[in-house]
Structure formats: C-alpha cells, structure tokens
Amino acid sequence: MTDTPDGLSFLPLGGTGEIGMNFNLYRLTKNNKETWLAIDCGIGFSGNDTPEAEVLMPDPTFIADRAKDLCGLVITHAHEDHLGAVAHLWPYLRCPVYATPFAAAVLRRKLHEAHLVHQVKIHVVMPGSRFHVGPFDLQLVSVTHSVAEAQAVALRTPHGLIVHTGDWKLDENPLVGPKTDLEEFGRLGDEGVLAMVGDSTNVMKEGRSESEADVRKGLTDLITSLQGRVAVTCFASNVARVESIAKAAMAAGRAVMIVGRSLRNLETAARECGYFSDLPPFLTEQDARDVHDDNLLMIITGSQGEPRSALSRIASDTHPNISLGEGDTVIYSSRVIPGNEQAVMAVQDNLSRRGVTVLTDKDAKVHTSGHATGDDIRVLYGIVRPKYSIPTHGEWRHLTAHAALAHEMGSEPILLEDGDILNLSPGEVKVVDTAPTGRLALDGGRLLPMTGGVLAARRKMLFNGMVIASFAVDDEGYVIGEPKISAPGLLEAEDPESIRIQEEFADSIDEIPDELRQDDTAFRDAAKTALRRALGRKLQKRPLVDVHLLRV
C-alpha cells in the first residue's frame, strides 16, 4: 500500500457552479487512514434545462463507496437545499447526523415520511456549541439567514482552521434568532484561518443587506390596505417571514390560515422549538370556512411554480377547497430561483386571468434575500482574514464575482468544480484529484441517474415524441392482420402522414428476411429499423421508437 501523507482536503460534490444541492466533504488523513465529514445534503429543483425531472440531488456514489470512513453529516440549517436530500441519500451514507433543534425537528418529519426515523441517529447540537465528530473539532457560529438557527461551522484540524459559512447575511434586526455573531468570527480570525468556504448566492448585489424588519413593515402596510381575500406565498422554511406575514395579518385584523403540507410541518417544528409562541395556532382550511373574506389571510406554498403545489392548483382552479378571483390579491414574498422563471410566470398569468391582483417585490417591500450581499461579504473577510477563499453555493458567475471580491480583500481565491479534490495541507493548496460526480432525479419513490437510460428516453420523448408499432405474427413469423402505429404527441391517428407511415411500415415488415422471423429479438430489431425507415425525414425529428411483437 502506498503511504498517504497526513493532510486535510475539501471536496464539493454538489452546490459549486449551481444553486442548490449543497453536499460538501472534508477529509482528514492520518497514518494512512482517511476520515470523511459531510456538511449539508440538499436537493435542487429542476429548471428549463431538465424538464424530465422535478427534484434533483447529488450522486453520492463516491462517498457511499467510503461510507465506513464517513464519521458524520452536519446540517447547517433547515432549508431544502441543505437537508432535503438526507431522507433519500442517508441509506447510502449510514452515518450519524448532527443538527440544531429546529433543523432536527424538520428532518425528523422527512425521515418519518421515508420510514427512516428509527434508523437515523440524530445528535441534537445547540447553536454556537463546540463538539467533536470523529477526529474533527467543530464549532458552530450563529448567523442570520431566512430560517431559524442557521449556523456556520468552524473546523479545527491539525492542519489549520477552516470556516464553512453556510448561508448567512448581516441584519441588525433579524426578528427571529440572533444577529450574525461577528465577535466570534473575529475570534476565529485572530486564531488564524487557513481557508473560508463561503456562500456566493447574492455576492453580485452591492450595498448592505436589507432587514427582515423592513419587510415586516412593508407587509403590514400593504396588507392593511387590501380588501377581499389575501394570499401570501413564500418559502415554507422561512420562519421569520411566516411570522412577519402572520403579524402583518393580525395588524390588519385578519386571521391566518396556512395551506400546504410543508407549511403545516413548518408550524409544527417551529412551535416544538419555541418559535411562534406569541402567535395563535394557524387555521386549517376547514377552520377558515366561516371567516369573512376581509378577515382572512392565507399563507400558501408554491412560490416557485411547482406544478403540484397549492398555489398552482388554485391558479388553475383545481384546488378542492380554495378558489381566488376578482377582487382577491396574491403577494409573492419570495424571490424566483433561477430556472423557475417560466413556471412562476405561468402561475401568475393563470391568477391574473381569474382577475386576481398579483403583487411582487417590484410593487412593495415584501421580500429581502437571506444571503449576504457583496458588502456583507467584504465585512466578513475583513474580520476573518482567511488565507484562502473557496467560493461555493452559486452559479459560476456568482463564484467568479466572489473570487474577485476575495482577492480584493487580500485572500487567495480558489475556484472549484463539483468533484475537484482540493489539498489544503500539507504543501501547496491545489486540486490534486477529481471524484466522479453526477445528479440523481427523484422520480416518484425512485432515484434515477440523470444520464441513465430512463431519463434519457424521457428527454427524447419530450422533444421528439415517441412512435409505437404493434403487430402479430404466426408461428412461422408471417404478419397476421394489419400493423398498428401510435404516435402520441406527434401524429393524430387519422393524419395522412400517420396512414402513410403505417402502410410503409407494413410493406417493410414483409421484406424482412425469413431467417430473422424465428427469433423474436432479431425480428423486433429488424422491425424497429423498418419503422425508422418508414418515418423517414419528413417529420424532421428522431422520435423514440418501440415495437410490440405478438406471436400467436
């Protein structure tokens, strides 16, 4: 066995170069033994480039092959892009999970739905606490974000101190939870930080972050001025925003009803952890039936245009209990995740067709980002003073902007692609190897590789359609009756082109050599070739073709 020098490495398997799917690995090597630590395990949502899937997550194969050396998974906060994949990928990882009380409460509900709640060991760690996971000496640092108990992670190792920021921002009045603990970051900076792995999502916005307190005032002023039914949609995990909406509603004399399972789960987890203590329980759809329209506010899931969400069904008038129309208002208290623009616009258009007034942050102060602006990031670099900067969590344009800012602040930036293994110590800090990466799609209850045959076929069907031919043959392989052609989404049954293809396919089958007719596989392959030939070039597409052969 080749001796491996003692050292420290960093490996992003998801979240570098795209939004979502955060999955980061750290490796400590000592006496030829590797120990891995994972930070976050999130999902991403499909964009315009992946219409064949809705929910995506990083392929865990690399670390699954080393699961015996994985000492734990640390969750920085309870957003889907940081813990949403745990219930799906934990069977590959099989390691203990470390999370703060609120993140643990959210995660338990997901694990319960996946029938894993009794298998996964969750260690509840308090915000700001210090603890060990295997050989890693970890310290949580409280940060402000759009969810309760968001934490940065400081990793103390024999080879240097790493600061992994997670998602954060600066807010002098965050309303839920403490301000970002700049004093503790300063102490880490004084200790000496080898590298900072930092969020890049909002780096291109100049100025300091706006406060959640401003959003609460903006929502209160707006909702107080409205009549009729009012619905507000936001990210279900944003505890501070849900509280702001609820308090704005109460100021306007409106009771609050929540619509959507994820919001109901949020309320349960939040109240379990002591949040919403000064708010009355939210109404259910059944509770709200006797409340007058002018005295009701609905908080509804579906801010990203998810097709099965409550808001999408309301917009298309297919929700079983709720309808909105003339005189009603829907407020989007959220941003649009890149890639979801078309889906969001489609829902807003459907609402407008029904006479609903749609308001966004372009119309009033109803949203602010939970991510650090460029000026916020400058402040943190000035305090932490890392030798190296590793931008993560953003599209490539965000990472390069973060790298430029880090260089401006005196740190040496290192840009990574998912799968790059970065040596942090000993010796030169550089990419020394690559790990296989990929994306999995959640398809019902299955995880399918995006590059696999099932989704490749689905992608081809989406853009080029599918043609299915079926015919019956006797024992000798001669056709009985007329072959049938079906081309859903491509040709109408009575289309002259469909009739031509069917006739040409029948003629081509008759020309298949006798020696191929006795073997079903050979006969089917020859028939597929005949079908492709019959399709010809007139369609100017290359649809997926399949042949059903019945021997009678």
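Residues numbered from 1 in each chain as written. Predicted model: local features only at pLDDT ≥ 70, side-chain atom pairs only at ≥ 80, totals over all residues. Heavy atoms only, no water.

Draft legend 1. View of the overall build of the protein. Helix and strand content of the protein: 15 helices and 29 strands. Within the structure as shown, the protein displays about 23800 Å² of accessible surface, and the carbon and sulfur contribution to it stands at 49%. Charge separation in the protein, taken as the distance between the mean sites of 56 positive and 77 negative side-chain charges, equals 3 Å. (Helix = DSSP H or I, 4+ residues; strand = E, 2+ residues; numbered from the N terminus. Areas by Shrake-Rupley, 256 points an atom, 1.4 Å probe, with all protein chains shown as cover. Lys, Arg positive; Asp, Glu negative; His and termini not counted. Charge placed at Lys NZ, Arg CZ, Asp CG, Glu CD.)

Draft legend 2. Broad picture of the pairing of strand β24 (residues 430-434). With 4 bridges connecting them, strand β23 (residues 420-425) and β24 associate as antiparallel partners. Bridge pairing in β24 links Asn423 to Lys430. With antiparallel pairing between neighbouring strands as the criterion, β23 and β24 make up a hairpin whose turn holds 4 residues, including Gly427 at a positive phi of roughly 75°. (Pairing = 2+ DSSP bridges.)

Draft legend 3. Spatial organisation of the sheet that holds strand β16 (residues 255-259). Reading across the sheet, the 5 strands line up as β16-β17-β15-β18-β19 and stay open at both edges, with parallel pairing between neighbours. With partners counted over all chains shown, the strands left at the sheet margins are β16 and β19 (357-359), one partner each. Each strand of the sheet is rotated relative to its neighbour by a mean of 20°, with strand direction disregarded. One ladder, built from 3 bridges, connects strand β18 (residues 329-332) with β19; its direction is parallel. Bridge pairing in β19 links Ile331 to Leu359. Along the sheet, helix α6 (residues 212-224) contacts β15 (230-233), β17 (296-300), β18 and β19; its crossing angle with β18, the most-contacted strand, is approximately 170°. Running at roughly 120° to β16, helix α8 (residues 261-272) makes contact with β16 and β17 of the sheet. (Axes fitted to C-alpha atoms, helices over the stretch in contact; angles between N-to-C directions. Contact = heavy atoms within 4.5 Å.)

Draft legend 4. Broad picture of the pattern of salt bridges. According to the stated counting rule, one finds 32 salt bridges in the structure shown. Among the salt bridges present, the one from Arg517 reaches Asp514, with a minimum N-O distance of 3.7 Å. Look at Arg517 and you get buried, because its relative accessible area is 2%. Its salt-bridge partner being Lys528, residue Asp546 comes within 3.9 Å of it at the nearest N-O pair. (Salt bridge = Lys/Arg side-chain N within 4 Å of Asp/Glu carboxyl O. Buried < 20%, exposed > 50% of the residue type's maximum accessible area, 1.4 Å probe, protein only.)

Draft legend 5. The arrangement of the state of the cysteines in detail. What the rule picks out here adds up to 0 disulfides. Summary of cysteine pairing: Cys71 is not part of a disulfide, and the nearest cysteine sulfur, belonging to Cys95, is at 8.0 Å. For Cys71, a relative accessible area of 17% gives the class buried. Unpaired in terms of disulfides, Cys273 finds its nearest cysteine sulfur in Cys234, a separation of 18 Å. Residue classification places Cys273 among the partly exposed residues on the basis of a relative accessible area of 24%. (Disulfide = S-S within 2.5 Å.)

Draft legend 6. Quick look at the environment of Ser334. By the secondary structure assignment, Ser334 is in the loop between β18 and α10 (341-353). Sequence separation between Ser334 and Leu311 is 23 residues; the distance between their C-alpha atoms is 14 Å. Once you skip the residues sitting within four places of it in the chain, Ser334 turns out to touch Thr233, Cys234, Phe235, Ser303, Gln304 and His367.

Draft legend 7. Region of interest: the nonpolar core. With 95 residues, the main nonpolar core has Phe102, Phe185, Ile299 and Ile331 as its most contacted residues. Among all residues touching Phe185, those that are not within four sequence positions of it are Val141, Val143, Ala152, Val163, Thr180, Leu380, Ile383 and Val384. Formed by 28 residues, the second largest nonpolar core is a distinct cluster that contains Val74, Val125, Phe131 and Ile390. (Core = buried A, V, L, I, M, F, W, Y, C linked by side-chain atoms within 4.5 Å.)

Draft legend 8. Structural detail: the sheet that holds strand β27 (residues 466-473). Here 3 strands make up an open sheet; going across it, the order is β28-β27-β29 and the pairing mixed. This sheet does not close on itself; its edge strands, each paired only once, are β28 (479-486) and β29 (544-551). This sheet shows a mean twist of 15° between the axes of neighbouring strands, independent of strand direction. Sheet topology note: the β27/β28 ladder contains 5 bridges and is antiparallel. Across the sheet, the residue bridging to Ala469 is Ile485, located in β28. Sheet strands in contact with helix α14 (residues 496-510) are β27 and β28, and its direction is about 140° off that of β28.

Draft legend 9. A look at a negative patch on the surface. On the surface, a cluster of negative charge is made up of Glu482, Glu503, Asp507, Asp510 and Glu511. In terms of residue count, α14 provides more of the negative patch than any other element does, 3 residues in total. (Patch = residues over 30% accessible without salt bridge, like charges linked within 9 Å, V, L, I, M, F, W, Y side chains within 5 Å.)

Draft legend 10. Here's a closer look at the packing of aromatic side chains. Within the structure shown, the criterion is met by 7 aromatic pairs. Both rings, one in Tyr98 and one in Phe131, keep their centres 5.7 Å apart while their planes meet at 15°; by these two values the pair is stacked. With a gap of 33 residues between them, Tyr98 in strand β8 (residues 97-99) and Phe131 in strand β10 (residues 130-133) connect regions that are remote in the sequence. Like Phe131, Tyr98 is buried. Arranged with centres 5.7 Å apart and planes meeting at 55°, the rings of Phe276 and Phe282 form a pair that is tilted. Among the aromatic residues, those joined into a ring-pair cluster are Phe471, Phe505 and Phe523. The ring of Phe62 carries Arg66 above its face, with NZ or CZ at 3.8 Å from the centroid. (Phe/Tyr/Trp six-rings, centres within 6.5 Å; stacked < 30°, edge-to-face > 60°. Lys NZ or Arg CZ within 6 Å of the ring centre and 35° of its normal.)

Draft legend 11. View of α8. Helix length check: α8 (12 residues) gives 17 Å between terminal C-alpha atoms against 16 Å at 1.5 Å per residue, within 8%. All of the buried residues along α8 are Leu263, Leu266, Glu267, Ala269 and Ala270. Buried residues belonging to α8 abut α4 (101-113), α7 (239-251), β16 and β17. Where α8 ends, the next residue or the one after it, Gly274, has phi of about 95°, a positive value. (Expected span 1.5 Å × (residues − 1).)

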